[in-house]
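# Commentary on secondary and tertiary structure
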Amino acid sequence: MLNLSIHSTPIIQNPKTPFCLNPQISSLPTIKLLNPISRKLSLKCQYSDQQQQRPDVSSYSQPRQDTPKVFIGHSIYKGKAALTVEPRPPEFAPLDSGAFKLTKEGFILLQFAPAAGVRQYDWSRKQVFSLSVTEIGSIISLGARDSCEFFHDPFKGKSDEGRVRKVLKVEPLPDGSGHFFNLSVQNKLLNMDESIYIPVTKAEFAILISAFNFAVPYLLGWHTFVNSIKPEGTAGLNNANSRFGADLEWSR
């Protein structure tokens, strides 16, 4: 609020003569002084600072529904192949109560592409391998001299079971400077047998492990549970969990 006061002590020759704030604009209203005695004229102006108000930052504390999708990944390029690592989010299904239930855990997608020249890679021939949360844990727990191996059959339980075999091996380099990532794919449907391997240094492997450690809680969907916790709703949540023996466990 901006207050503006105008004090005027006019010497009026004719009290019936109208007094205008701007005598050049005839459309403005006039003020007539009925008494020649000196008067105090006050003019108050209200200034709105609505346009200068800062936005309410609390509205940005929660993610917006129209937030665009973000695609991320980490790549390792070597002379004979390239490896790209990308996270995939978990899936949820709505319940009749309005809540959501986890239906599928997230995973890490590995994409191997063979080299097609100097610093060029043929992504049309890429081979993919999806790491489950448990398989990610196996890689995280690897020591400098440890190795692990995973076998996948994309058509397991279907009519084409056994027609496609994927084997991913993570083995230490002979000199102890890192690990080999070796993906072998046998596809009898396409009459294809291919093996792509790429060496990963200690530093590159450490980056992968750090990213895996960060991503695992999100792949499990635990971040959605943490974000849904409200102080006023914890009592009801604990009561709901009592059906599964949570209270019995803590009362021991």
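Residues numbered from 1 in each chain as written. Predicted model: local features only at pLDDT ≥ 70, side-chain atom pairs only at ≥ 80, totals over all residues. Heavy atoms only, no water.

### A closer look at the overall build of the chain
What counts is decided by this rule: Numbering of helices and strands runs from the N terminus; a helix is a DSSP stretch of H or I covering at least four residues, while a strand is a stretch of E covering at least two. Burial here depends on accessible area, computed with a 1.4 Å probe over protein chains only, as a share of the maximum for the residue type. Under 20% is buried, over 50% is exposed, and the range in between is partly exposed. Contacts are residue-level and defined by heavy atoms, with any inter-residue pair within 4.5 Å sufficient. To be clear on the numbers: accessible area is Shrake-Rupley with a 1.4 Å probe, and residue cover counts the displayed protein chains and nothing else.
From N to C terminus, the chain includes five helices and eleven strands. A buried classification covers 21% of the 252 residues belonging to the chain. For the chain, contacts bridging at least 24 residues in sequence account for 46% of all contacts bridging at least 6. For the chain, the exposed surface amounts to about 19,200 Å²; the carbon and sulfur share of it is 55%.

### Here we look at the sheet that holds strand 11 (residues 192-201)
Convention followed: Only when DSSP finds a minimum of two bridges between them are two strands counted as paired. Orientation is described by axes fitted as lines to C-alpha atoms, over the contacting stretch for helices, and by angles from 0 to 180 degrees between their N-to-C directions.
Reading across the sheet, the four strands line up as 8-9-10-11 and stay open at both edges, with antiparallel pairing between neighbours. This sheet does not close on itself; its edge strands, each paired only once, are strand 8 (148-152) and strand 11. When strand polarity is set aside, the average angle formed by the axes of neighbouring strands in this sheet is 10°. Taken together, the nine bridges between strand 9 (residues 164-172) and strand 10 (residues 178-187) define a ladder with antiparallel strand orientation. Within the sheet, the bridge partner assigned to V170 lies in strand 10 and is F181.

### As for the confidence of the model for the chain
Quick note on the threshold: A residue's pLDDT is simply how confident the predictor is in it, with values from 0 to 100.
With 66% of its residues at a pLDDT of 70 or more, the chain has an overall mean of 79. Mean pLDDT values over the elements of the chain span from 55, in helix 5 (residues 246-250), up to 98, in helix 1 (residues 133-140). The low-confidence segment residues 47-64 (pLDDT under 50) makes three contacts with residues lying over four places distant or belonging to another chain.

### Side note on unusual backbone geometry
Of note, the phi angle at R119 is positive, near 55°, even though the residue is not glycine. In this structure, R119 sits in the loop between strand 5 (107-117) and strand 6 (120-121). One non-glycine residue with positive phi stands out, namely N191, at about 55°. The residue N191 is located in the loop between strand 10 and strand 11 in this model.

### Brief notes about the nonpolar core
Quick note on the threshold: For our purposes a nonpolar core is just a set of buried Ala, Val, Leu, Ile, Met, Phe, Trp, Tyr and Cys residues, chained together by side-chain atoms within 4.5 Å.
If you look at the biggest cluster of nonpolar residues, it comprises 30 residues, and the most contacted ones within it are I108, L110, F112, L131, I139, L168 and F181. When residues of this core are assigned to their parent elements, the largest contribution, seven residues, is made by helix 2 (residues 202-219).

### Examining helix 2
Applicable threshold: By definition here, a helix of n residues has an expected span of 1.5 Å times n minus one. The reported bend at a residue is simply the angle between two axes, fitted to the 7 residues ending at it and to the 7 residues beginning with it.
Here helix 2 spans 25 Å end to end across 18 residues, near enough to the 26 Å set by a 1.5 Å rise per residue. At N213, helix 2 shows its maximal kink, close to 25°; a proline, P217, follows between one and four residues later. What helix 2 keeps buried is the set F205, L208, I209, F212, A215, V216 and L219.

### Observations concerning the side chain of Q111
The condition is simple: A 3.5 Å cut-off defines polar contacts: any pair of N or O atoms within that distance qualifies, except that in protein one atom must be a possible hydrogen donor and the other a possible acceptor, and neighbouring residues in sequence count only when both atoms are side-chain atoms.
Note that Q111 resides in strand 5. At 2.6 Å, the side chain of Q111 forms a polar contact with the side chain of K126. Setting aside anything within four residues of it in sequence, one finds Q111 in contact with A82, L83, T84, E86, W123, K126, Q127 and V128.

### Some points on a nonpolar patch on the surface
So the rule is basically this: Residues enter patches when their relative accessible area tops 30% and they take part in no salt bridge; the joining distance is 9 Å for like charges and 5 Å for the nonpolar side chains Val, Leu, Ile, Met, Phe, Trp and Tyr. Each reported salt bridge corresponds to a side-chain nitrogen of Lys or Arg within 4 Å of a carboxyl oxygen of Asp or Glu.
Taken together, the side chains of F92, F100 and L102 make up a nonpolar region of the molecular surface, amounting to roughly 290 Å² of accessible area. Note on placement: L102 falls in strand 4 (residues 100-104).

### Looking at the pattern of salt bridges
Considering all chains together, one arrives at three salt bridges under this definition. K78 is the partner of E204 in a salt bridge, and the nearest nitrogen-oxygen pair spans 3.0 Å. Highlighted residues: E204 in helix 2 and K78 in the loop between strand 1 (74-77) and strand 2 (81-88), separated in sequence by 126 residues. Between R125 and E194 there is a salt bridge, and its shortest N-O distance comes to 2.9 Å.

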